[in-house]
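Here are the chains, one letter per residue:
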Amino acid sequence: MLENESAAKEHAGRVREMFGTIAGRYDLLNHLLSGNVDKRWRRIVANRVREKLSSSSSSVLDVACGTGDLALTLFEITGAGVVGTDFCRPMLKIAAGKTSGRIRLIEGDALDLPFRDGTFDVATIAFGLRNLANVESGLAELSRVVKPGGWVAVLEFSRPANPIMRPLFNFYFRKLLPWMGGLVSGSRSAYTYLPASVQKFPDQSQLSLLMEQAGFEQVGFENLTGGIAALHMGRRPE
Ligand SMILES: C[S@@+](CC[C@H](N)C(=O)[O-])C[C@H]1O[C@@H](n2cnc3c(N)ncnc32)[C@H](O)[C@@H]1O
């Protein structure tokens, strides 16, 4: 096996194990640490996705769906058929309990999705892309599973645009959040991994560029809460 292939496998194993450890506290911590802003962000994603869907018989794939919050919001707001996929079974189990059959949940790796080319009208990924061993391959896989002319939406932490807000946010994100997250989840490492992975992740314009390089057209982004998070969207060419 190639050296980088084995490093990618190792990375995926660590990520899967980490989310398996915190799955039971994941939702509580998401809402607590974000002051429930995460729910508003997911509603914005679902509303933007709804604008891209032409009929209620459309299909949407939520990749790295975790405990299913975005998948559920997509289902409620768009009325589309929603499939959620994730490679961490404990996260999917929680999703299954919450979505009670409304969302089809399938265990799968975002870098090797178990779907044929061009299956979905829209694919979304929320706070998942940053966890992949290779962002470019993740974008290529998202593009592969949407129909030509379909859309991909990426919700991810980003760079606050306001220079006054940035140091305040960094203090919260790098110092307070790992401490609080560690206390509630019992896994401090998961909540030090969070700011570290965000720091390494491309900012708004870099991610736009990566999406264009992956072949998407009409790429654009919307800053959420001053750029703490950003929603990027791009269209797979016809
Ligand atoms: C931060 S959580 C986000 C969950 C959910 N999308 C949300 O908005 O709350 C990241 C999720 O990505 C999943 N994940 C990370 N790497 C993955 C991969 N290679 N394939 C599938 N799922 C992956 C993890 O298991 C975890 O459930």
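Structure shown above.
Residues numbered from 1 in each chain as written. Predicted model: local features only at pLDDT ≥ 70, side-chain atom pairs only at ≥ 80, totals over all residues. Heavy atoms only, no water.

Draft legend 1. Quick look at the nonpolar core. Among the nonpolar cores identified, the biggest contains 45 residues, and F19, W41, V49, V60, L155, F157 and Y191 are the most heavily contacted of them. If you list the elements that add at least two residues to this core, you get α1 (3-34), α2 (37-52), α3 (69-78), β4 (120-126), β5 (146-157), α6 (165-185), α7 (188-200) and β7 (229-235). In terms of residues, this core owes the most to one element, α1, which gives 9 residues. Counting 24 residues, the second-largest nonpolar core is a separate cluster that includes V152, V154, F201 and L210. (Core = buried A, V, L, I, M, F, W, Y, C linked by side-chain atoms within 4.5 Å. Buried < 20%, exposed > 50% of the residue type's maximum accessible area, 1.4 Å probe, protein only. Helix = DSSP H or I, 4+ residues; strand = E, 2+ residues; numbered from the N terminus.)

Draft legend 2. Spotlight on the sheet that holds β4. Pairing within the open sheet is mixed, and its 7 strands lie in the order β3-β2-β1-β4-β5-β7-β6. The sheet terminates laterally at β3 (104-107) and β6 (217-224), the two strands that pair on one side only. Adjacent strand axes in the sheet meet at a mean angle of 20°, parallel and antiparallel pairs treated alike. Relative to β7, β6 is paired through 6 bridges, and the arrangement is antiparallel. The residue of β7 that forms the bridge with E222 is L231. Contacts from α3 reach β1 (59-63), β2 (81-86) and β4, with the element oriented near 165° to β1. On the sheet, helix α8 (residues 204-213) packs against β5, β6 and β7 and is oriented at approximately 20° with respect to β7. (Pairing = 2+ DSSP bridges. Axes fitted to C-alpha atoms, helices over the stretch in contact; angles between N-to-C directions. Contact = heavy atoms within 4.5 Å.)

Draft legend 3. Highlighting the site of the ligand. Around the ligand, the surrounding shell holds 19 residues, and the nearest of these are Y26, R42, A64, D86 and A110. Separating an oxygen atom of the ligand from a side-chain N or O atom of R42 is a distance of 2.9 Å. Burial of the ligand by the protein amounts to 98% of the accessible area it has alone, namely 590 Å². When residues of the shell around the ligand are assigned to their parent elements, the largest contribution, 4 residues, is made by α1. A per-class count over the shell around the ligand returns 12 nonpolar, 4 polar and 3 charged. (Near = heavy atom within 4 Å. Polar contact = N/O pair within 3.5 Å; in protein donor to acceptor, adjacent residues only side chain to side chain. Areas by Shrake-Rupley, 256 points an atom, 1.4 Å probe, with all protein chains shown as cover. Nonpolar A, V, L, I, M, F, W, Y, C, P; charged D, E, K, R; others polar.)

Draft legend 4. Here's a closer look at the side chain of N30. Among the structural elements, N30 can be located in helix α1. Given the relative accessible area of 19%, N30 is considered buried. Residue contacts for N30: discarding those within four places in its chain leaves D38 and R42.

Draft legend 5. Looking closely at the layout of surface pockets. Each pocket or cavity is described by its volume, and for the second largest pocket that value is around 370 Å³. Contributing to the lining of the second largest pocket are 16 residues, with H11, R130, Y193, S197 and K200 lying nearest its centre. If you list the elements that add at least two residues to the lining of the second largest pocket, you get α1 and α7. Split by residue class, the lining of the second largest pocket holds 9 nonpolar, 4 polar and 3 charged. (1 Å grid on protein atoms, 1.4 Å probe; cavity = no way out; pocket = protein on both sides within 12 Å on 5 of 7 lines; lining within 4 Å. Points joined across faces, edges and corners; volume = space filled by probe spheres on them.)

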